[in-house]
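Read off the chains here:
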Amino acid sequence: MSTQTIAYSDEIAKATDPIFDKLSRQYSREHWESIAPYIYEINRLKLEKNAVILAHNYMTPDIFFGVGDIVGDSLLLAQKAATSTADIIVQCGVHFMAETSKILCPEKKILMPDMEAGCSLAESITAQDVRDLKEEYPDIPIVTYVNTSAEVKAESDICCTSSNALKIVNALGEQGHGSVIMTPDMYLAQNIAAQTDVKIIIWEGSCIVHERFSPQDIIDARKTYDDIVVLAHPECPPNVMAEADFAGSTAQMDNYIKTQQPKRAMLMTECSMSDNIAANNPNVEMIGTCQMCPYMKRITLPKILKALQSEEPEIIIDPEISRRAKLAVDRMLELS
Ligand code: 13P
Ligand code: SF4
C-alpha cells in the first residue's frame, strides 16, 4: 500500500472504530474515514517489522491514540527507549527526542518521520558554546536540558528534563556543588532557581511556544471561570508560573488532571496536549489557551507511514559523540 492509495474499508472500520469512539469530539466521521486507513496500515506495519512508536504528549490525537505504543513526556520516552525490545523505533516528537533514543539504543534503527521537526531550544546552543562555558567556569557542572543536540549533550556533565530538573540540581548541590550552569532554557533555569539554594548560571535560550504565554492569559481566564485550575509547563516565564496553580512536565500535568479531575482546567502548553487530555478525561472541561509548536506539528500520519515503509529517514550519530552524550543521559536516568 502506498501513501497515495489508501481506501477506507469495513476491515479498517472494525479495527479503528474503538479509537474513533474516544475521539468523536475531536474528529468528524468524514475526517476520521480519511485518516483511519493510515492508522490501520501503520499498526499493521509495526507488527510486521517489530517496530514501536514513541509518541510525545504534543502529538495530535490521531497519532497519540491511533498509533502511539508508548506515550508520555521526554523523560518517559527516553526511559522506555532504553528498555525497548523493538528493532525499529519511530519517534513521533522532535529531532532531539529521536537522537536521545539513538544515544540510548545505538543498535536500533531510529526513524524520524520529518527531519525538519526541530526545537527552538535545541537551536539556541552549540557544542562550541558549551566548550566556551566550560573554559569560563571550569569547576561548575553543566546541566543540559534534553532539548538539545547530541553534540551539546556530549559536552555536558548531566542532562535533565522538566520532570527531574529540580532533583538533578539538588543532587549536584548535595554532592557539594554550590553552583551549576543550566542550558539552554532560561525560563526553566529561573523557575528551578526559585526552588533551590543551588546558584544557577543561566543560558539565554527559550521555547518559542511557552514564551508566548503571559500572566494576563491566566488573570483573564479566572475572570470568566472562578473555579478554573491552571497548569503550566516550566518552560513558561516565571511571571506565568506565579499565576498558575500547578507546575510540571507534560506527564506531570497529565497525571494531575487524571488524579484530581478538576471541573475545569487550562494548560499553559502546546495545543494537542489539551486535546489528548480532553479525550482521556471526559468529565474535565478543558478551557482553551494554548500555543502550537510548529515543529511537533510537522509529524503527521502520512509521514509516519512513509517512514515505516521506506525505513528512512534514519537518525545517525557519530559513535564517539553518541558515547559521550550517553554518559550525560545515563547520569540523568540514574538520578531519575
Ligand atoms: P516534557 O519533557 O515536559 O514532555 O517537555 C518537552 C517539551 O519539549 C516541552 O516543550
Ligand atoms: Fe521545543 Fe518548545 Fe516545541 Fe517543546 S514546544 S519542542 S521546547 S519549540
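Scroll up a little and you will see the structure.
Residues numbered from 1 in each chain as written. Chains lettered and ligands numbered in written order. Predicted model: local features only at pLDDT ≥ 70, side-chain atom pairs only at ≥ 80, totals over all residues. Heavy atoms only, no water.

(A) Representation of the site of ligand 1 in the model. The environment of ligand 1 is made up of H56, Y58, D73, S74, N147, S162, H210, H233, E235, S249 and T250. A distance of 2.8 Å separates an oxygen atom of ligand 1 from a polar side-chain atom of H233. Residue T250 places a side-chain N or O atom 2.7 Å away from an oxygen atom belonging to ligand 1. For ligand 1, whose free accessible area comes to 300 Å², the fraction covered by protein is 96%. (Near = heavy atom within 4 Å. Polar contact = N/O pair within 3.5 Å; in protein donor to acceptor, adjacent residues only side chain to side chain. Areas by Shrake-Rupley, 256 points an atom, 1.4 Å probe, with all protein chains shown as cover.)

(B) Quick peek at the pattern of salt bridges. The tally for this structure, following the rule as stated, stands at 22 salt bridges. Between D69 and K46 there is a salt bridge, with its nearest N and O atoms 3.0 Å apart. Here D69 is found in the loop between helix 3 (61-66) and strand 2 (70-72), whereas its partner K46 is found in helix 2 (residues 29-49), with 23 residues between them in sequence. What makes D69 partly exposed here is its relative accessible area of 39%. Between K109 and E311 there is a salt bridge whose closest N-O contact spans 2.8 Å. Pair noted here: K109 is in strand 4 (residues 109-111) and E311 is in the loop between helix 15 (301-310) and helix 16 (319-335), with a separation of 202 residues, a long-range link. For K109, a relative accessible area of 25% translates into the label partly exposed. The network of salt bridges with shared partners includes R131, K134, E155 and R324. (Salt bridge = Lys/Arg side-chain N within 4 Å of Asp/Glu carboxyl O. Helix = DSSP H or I, 4+ residues; strand = E, 2+ residues; numbered from the N terminus. Buried < 20%, exposed > 50% of the residue type's maximum accessible area, 1.4 Å probe, protein only.)

(C) Main features of the pairing of strand 1 (residues 51-56). Burial within strand 1 is extensive, with 6 of its 6 residues counted as buried. Burial of strand 1 is two-sided: the residues A51, I53 and A55 facing one way and the residues V52, L54 and H56 facing the other way are all buried. Pairing analysis gives 5 bridges linking strand 1 to strand 3 (residues 88-92), with the strands arranged parallel. Its bridge partner lying in strand 3, A51 is registered against I88. Summarising the sheet, strand 1 and strand 2 pair through 3 bridges and their orientation is parallel. (Pairing = 2+ DSSP bridges.)

(D) The site of ligand 2, seen in detail. As a structural note, the neighbourhood of ligand 2 is formed by Y58, V94, C119, S120, L121, N147, C207, V209, E235, C293, Y295 and M296. The residue makeup of the shell around ligand 2, split by class, is 9 nonpolar, 2 polar and 1 charged. (Nonpolar A, V, L, I, M, F, W, Y, C, P; charged D, E, K, R; others polar.)

(E) Structural context of unusual backbone geometry. Here T183 and P184 are connected by a cis peptide whose omega angle stands at -10°. Tracing the chain through its elements places P184 in the loop between strand 7 (179-183) and helix 10 (186-193). With an omega of 0°, the peptide bond running from E312 to P313 counts as cis. For P313, the position within the fold is in the loop between helix 15 and helix 16. Phi at N50 takes a positive value of approximately 50°, unusual for a residue other than glycine. With respect to the helices, strands and loops of the structure, N50 is situated in the loop between helix 2 and strand 1. On the basis of relative accessibility, which here comes to 35%, the residue N50 falls in the partly exposed class.

(F) Quick look at helix 10. Summarising burial for helix 10: 6 of the 8 residues are buried, a large majority. For helix 10, the complete set of buried residues consists of M186, Y187, L188, A189, N191 and I192. Elements in contact with the buried residues of helix 10: strand 5 (142-145), strand 6 (158-160), helix 9 (165-174), strand 7, strand 8 (199-202) and helix 12 (238-243). For helix 10, the N-terminal cap is D185; the gap from its side-chain oxygen to the backbone nitrogen of Y187 is 3.0 Å. (Contact = heavy atoms within 4.5 Å.)

(G) Main features of the sheet that holds strand 6. What the 4 strands build is an open sheet, ordered 6-5-7-8; its pairing is parallel. Of all the strands in the sheet, just strand 6 and strand 8 have a single pairing partner and so form its edges. If you compare each strand with its neighbour and ignore which way they point, the axes differ by 35° on average. Two strands pair when backbone bridges link them, and strand 7 and strand 8 are joined in this way by 4 bridges, in the parallel orientation. Within strand 8, the residue paired with I181 across the bridge is I201. Contacting strand 5, strand 6, strand 7 and strand 8, helix 10 crosses the sheet at an angle of about 170° to strand 8. (Axes fitted to C-alpha atoms, helices over the stretch in contact; angles between N-to-C directions.)

That is the geometry; function is a separate question.
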